[in-house]
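Observations on chain architecture
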Amino acid sequence: MKQLELVAKFERDKEQTAAQQFRLAQQQVAQQRQKLSSLQQYRLDYLKQIQANGKGGVGAKVYHQHLNFVGKLEKACQQQMNVISQTTLAADQRKRAWLEQQKRRKAVEMLIEKKAEEAQKRAQREEQHMMDEFAAQKYFRQRFT
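As the structure is a prediction and not an experimental result, all values here were calculated from the model.

Some words on the overall build of the chain
Of the regular secondary structure elements, the chain holds two helices and zero strands. Reported as C-alpha extents along the three principal axes, the dimensions of the chain are approximately 125 × 25 × 15 Å. Counting every position in the chain, which comprises 145 residues, the buried fraction comes to 17%. Nonlocal contacts in the chain, meaning residues at least 24 apart in sequence, comprise 91% of its contacts between residues at least 6 apart. Looking at charge distribution, the chain has the averaged site of its 28 positive side-chain charges lying 11 Å from that of its 16 negative ones.

Pasting the structure below:
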């Protein structure tokens, strides 16, 4: 039983580690989404600024530079979406690993409970056997004395 307790502790520790890794992966996804949101907001603000500055007219070179920069911002947003996809996949893998470890821990704990119940039933049977033996001895003593 002591060995099973050690295994259970080991499995609980592994589960805690897996849960922590999953939480960290979730945080990473949230951070990457925040970066995308910031990039998108910056792009929107930049477009508004171009629109406001362009009302008086801008030269072709300046207009081309603005469009080029907006294109770079679009590309950065797309790259950030790819990063989010990768971090989301990693978080999903961490979640599956955590849930699998949780199953292992529960299986060990169920085995420990089963062994404890068996030991308790065995002890109860032994106690009942001793009580029956005492009752039989008392009966024979009373009967034959």
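Section: a nonpolar patch on the surface
Taken together, the side chains of M130, M131 and F134 make up a nonpolar region of the molecular surface, amounting to roughly 330 Å² of accessible area. Locating F134 in the fold gives a position in helix α2 (residues 60-144).

Some details on the packing of aromatic side chains
Pairs of aromatic rings are described using the distance from one ring centre to the other and the angle between the two planes. Following the criterion strictly, the structure yields five aromatic pairs and no others. Consider the rings of Y46 and F69, whose centres lie 4.8 Å apart with planes at 65 degrees: the pair is edge-to-face. Here Y46, found in helix α1 (residues 2-54), pairs with F69, found in helix α2; they are 23 residues apart in sequence, far enough to count as distant. Residue Y46 is classed as buried on the basis of its relative accessible area, which comes to 13%. Given a relative accessible area of 31%, F69 falls into the partly exposed group. Here the aromatic cluster, defined as three or more aromatic residues joined through ring pairs, consists of Y42, Y46 and F69.

As for the environment of A136
Mapped onto the elements, A136 comes out in helix α2. For A136, a relative accessible area of 29% puts it in the partly exposed group. For A136 and K95, which are 41 residues apart along the polypeptide, the C-alpha to C-alpha distance reads 61 Å.

A short note on the pattern of salt bridges
Per the stated rule, a full pass over the model turns up five salt bridges. For R12, the salt bridge is made with E109, and the minimal N-O distance between the two is 3.7 Å. Here R12, found in helix α1, pairs with E109, found in helix α2; they are 97 residues apart in sequence, far enough to count as distant. For E109, a relative accessible area of 24% corresponds to the partly exposed category. Between E109 and R105 there is a salt bridge, with the nearest N and O atoms lying 2.8 Å from each other. Here E109 and its partner R105 are both found in helix α2, four residues apart, which amounts to about one turn of the helix. Counted as one network, the salt bridges with shared partners bring together R12, E15, R105 and E109.

Here's the deal with α2
Taking 1.5 Å per residue as the helical rise, α2 with its 85 residues ought to reach 126 Å, and the 124 Å between its terminal C-alpha atoms agrees with that figure. Within the span of α2, buried status applies to V70, L73, C77, Q80, I84, T87, A91, Q101, Q102, R105, V108 and I112.

A word on the side chain of R105
On the basis of relative accessibility, which here comes to 14%, the residue R105 falls in the buried class. A polar atom in the side chain of R105 sits 2.2 Å from the side chain of E15. Side chain to side chain, R105 and E109 meet in a polar contact 2.8 Å long. Not counting the four nearest positions on each side in its chain, R105 is found in contact with E11, R12 and E15.

Comments concerning a positive patch on the surface
Together, K114, K115, K121, R122 and R125 give the surface a local cluster of positive charge. Exposure remark for K114: the relative accessible area of 48% places this residue in the partly exposed category.

Thresholds applied
Residues numbered from 1 in each chain as written. Predicted model: local features only at pLDDT ≥ 70, side-chain atom pairs only at ≥ 80, totals over all residues. Heavy atoms only, no water. Helix = DSSP H or I, 4+ residues; strand = E, 2+ residues; numbered from the N terminus. Buried < 20%, exposed > 50% of the residue type's maximum accessible area, 1.4 Å probe, protein only. Contact = heavy atoms within 4.5 Å. Lys, Arg positive; Asp, Glu negative; His and termini not counted. Charge placed at Lys NZ, Arg CZ, Asp CG, Glu CD. Patch = residues over 30% accessible without salt bridge, like charges linked within 9 Å, V, L, I, M, F, W, Y side chains within 5 Å. Areas by Shrake-Rupley, 256 points an atom, 1.4 Å probe, with all protein chains shown as cover. Salt bridge = Lys/Arg side-chain N within 4 Å of Asp/Glu carboxyl O. Phe/Tyr/Trp six-rings, centres within 6.5 Å; stacked < 30°, edge-to-face > 60°. Expected span 1.5 Å × (residues − 1). Polar contact = N/O pair within 3.5 Å; in protein donor to acceptor, adjacent residues only side chain to side chain.

Function cannot be inferred from these measures alone, as they are strictly geometric.
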